[in-house]
Amino acid sequence: MSKRIAIVGGGYIGVQLAKSLDEHADVTLIEPRSHLVHTPAMIRAVVDPSLTDRALIPYDRLLKNGKVLRARAGGVDANGVTLENGQRVEADYIVVATGSSNATPFKPVGDDIEGLREANQRIHDQLMAARSIGIVGAGAVGTELAGEIAHAMPDKKITLISDTDRLFPTMPEKLGIALVGKLRDMGVNLILGKRAENLQSMTEPYAGSLTLSDGSEHEFDLIFPVLGSRASSELIEVLPDTQMSTANRVKVDPWLRLSSLPNVFAAGDVSDAGDGMTIVAASRQQPWLKSTLKALMAGKTLEEGKPYKPWGPKSADPGTARPETRQFLPRPVHRRGLGDAQDEGRGSVPQEILQAAEPGLSDGEAGHRTPWAFRLTRASLRHDLARRPGSRP
C-alpha cells in the first residue's frame, strides 16, 4: 500500500514536491488558491500588467495520480491534516509549505486571485500617473522594483530608501556596491542608512510624504512599502515544542522538523532552516525533501541520510540546533545519504517552474541585472502544471 503524503501549500516547493512524488506515493496537495502565483513575475507586472495572467498558473491538472484539494488547512497532527470544513486528510508524512505574505500587488491577500488582478491594474494605473516614486525597503523586491520601473519608465523620478548602510548587508559587500552603481546608472536615487518614520501603510502603495530618521521630509506621488515578507505560520505555530523565529517563521532542526512530531516537516518561507525567504532556498529544499521522503517510504531512517544544508552562512549543525530538538536529532553518520541525496547542499532552480536563475532587472540588458530576478517562462510554467489548452489562466 502506498504511503500517504499531505502537502499543505501550493507554492514552488509544494507544487514541485507533489509532482515529483506523484508516481511514488498517495499525494494530496492542499491549497486554498485556484492558481500558483509566480511572485517574481508580479514585480515586473507592475510595469507591464499583460504579464499578470501569465504569472497566474492554474492547478487543475497538476497531478496524474494524486489530488489537489482547494481548501484551507485548519490543523495538523501526527496522523494528518484537518481542513477548515472538517474534512480529514490522513497522512503518514506531512509537509507544511504555507509560504508568506507580502505587500500588494506582489502576492494575493489570502486566496483572492481576482483581487490580485484588480490590485495589479489599479497600482499600474497609479504608477503611470505618478512622476515621483518612493520605494521603502531595499531587499530583493524593492531593488528589483526600482530597476523595473527605471528601465520601463525612465522619465520617473525614483528614490529607493533603506535603513541599512548598504544594499544586501548580509551578502558579500561587492554585490551591494555593484547594485548601487547599476541603479544609479539607471537614474535611481538611493537613500541608505535612513529609516522611514511615518509610513501610512505597510502593505498598500499610497501617495504622500515620508519623514526619515534624519528629520528630512520627502514628497512622493506614489510610495511602495516593501519591507519584506512575513511567513504564514499560523497553522503550525501551535504544534508541540514549536519555537518561533524572525518574520513569523518557525525554527526547524537540520531535518526540517519543527516540533516533536517526527513525521511533520516545514519548508520554504515558513521554515527557518538557515536559508533566506527566496526561490533559491525553495529550489534546494524541494529535492532534499523528495529524496528524504522516498527513502523513508522505502524503510530507511533519517539516521542513514545527511541533514539539509542551507545556502549561506547559517549552516544547520546539530551542535547548534535549538536544545529542544537535539533529543531527536540523528547521530552523526558518514554514509552518503538517502537515495538521490542532496549533493553537498547544492541545488538549482527547478526548470519545470523557472529558468535557471538568470538574473535581471530587464530583458537583454546585462548591465541592469540583479541576482534576485527570475525570467518568467510561460511555456515551462504551464507545461509543468499541465494546463488545459485554451483555458484561461
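Residues numbered from 1 in each chain as written. Predicted model: local features only at pLDDT ≥ 70, side-chain atom pairs only at ≥ 80, totals over all residues. Heavy atoms only, no water.

A. Representation of the overall build of the protein within the structure. The helix and strand inventory of the protein stands at nine helices and 19 strands. Once local pairs closer than 6 in sequence are excluded, the contacts in the protein between residues at least 24 apart make up 64%. A total of about 17200 Å² of accessible surface is found on the protein, and carbon and sulfur atoms cover 48% of it. (Helix = DSSP H or I, 4+ residues; strand = E, 2+ residues; numbered from the N terminus. Contact = heavy atoms within 4.5 Å. Areas by Shrake-Rupley, 256 points an atom, 1.4 Å probe, with all protein chains shown as cover.)

B. Expanded view of the sheet that holds strand β2 (residues 26-30). Taken in spatial order, the five strands of this open sheet run β5-β2-β1-β9-β18, and their pairing is parallel. Where the open sheet ends on each side, the last strands, each with one partner, are β5 (67-69) and β18 (264-266). Taken pair by pair, the neighbouring strands of this sheet meet at an average axis angle of 20 degrees, ignoring direction. In this structure, β2 lies alongside β5, joined through three bridges in parallel fashion. By the bridge assignment, I30 is partnered in β5 with L69. Packing of helix α7 (residues 279-297) onto the sheet brings it into contact with β1 (4-8), β9 (93-96) and β18, and relative to β9 it is tilted by some 170 degrees. (Pairing = 2+ DSSP bridges. Axes fitted to C-alpha atoms, helices over the stretch in contact; angles between N-to-C directions.)

C. Representation of the environment of M153 within the structure. If you trace the backbone, M153 turns up in the loop between α5 (140-152) and β12 (157-162). Residue M153 is classed as buried on the basis of its relative accessible area of 7%. For the pair M153 and M128, spaced 25 residues apart in sequence, the C-alpha separation works out to 8.6 Å. The contact partners of M153, leaving out residues within four places of it in the chain, are V47, H124, L127 and M128. (Buried < 20%, exposed > 50% of the residue type's maximum accessible area, 1.4 Å probe, protein only.)

D. Main features of the sheet that holds strand β6 (residues 73-77). Pairing in this open sheet of three strands is antiparallel, and the strands run β6-β7-β8 from one edge to the other. Edge positions in the open sheet fall to β6 and β8 (88-90), since each of these has one partner strand only. When the angles between neighbouring strand axes are averaged without regard to direction, this sheet yields 15 degrees. By the bridge criterion, four bridges tie β6 to strand β7 (residues 80-83) in an arrangement that is antiparallel. Bridge pairing links A73 to L83 in β7.

E. Here's a closer look at the packing of aromatic side chains. Applying the stated criterion across every chain yields a total of one aromatic pair. Consider the rings of W288 and Y308, whose centres lie 6.1 Å apart with planes at 75 degrees: the pair is edge-to-face. Here W288 is found in helix α7, whereas its partner Y308 is found in the loop between α7 and α8 (323-326), with 20 residues between them in sequence. Side by side, W288 and Y308 carry an identical accessibility label, which is buried. (Phe/Tyr/Trp six-rings, centres within 6.5 Å; stacked < 30°, edge-to-face > 60°.)

F. Spotlight on α5. Spanning 13 residues, α5 covers 18 Å between terminal C-alpha atoms, matching the ideal 18 Å at 1.5 Å per step. When we look at burial in α5, the residues that qualify are V141, G142, T143, E144, L145, A146, G147, E148, I149 and A150. Looking at the packing, one finds that the buried side of α5 touches α2 (39-45), α4 (113-129), β11 (132-136), β12, α6 (173-185) and β15 (217-225). (Expected span 1.5 Å × (residues − 1).)

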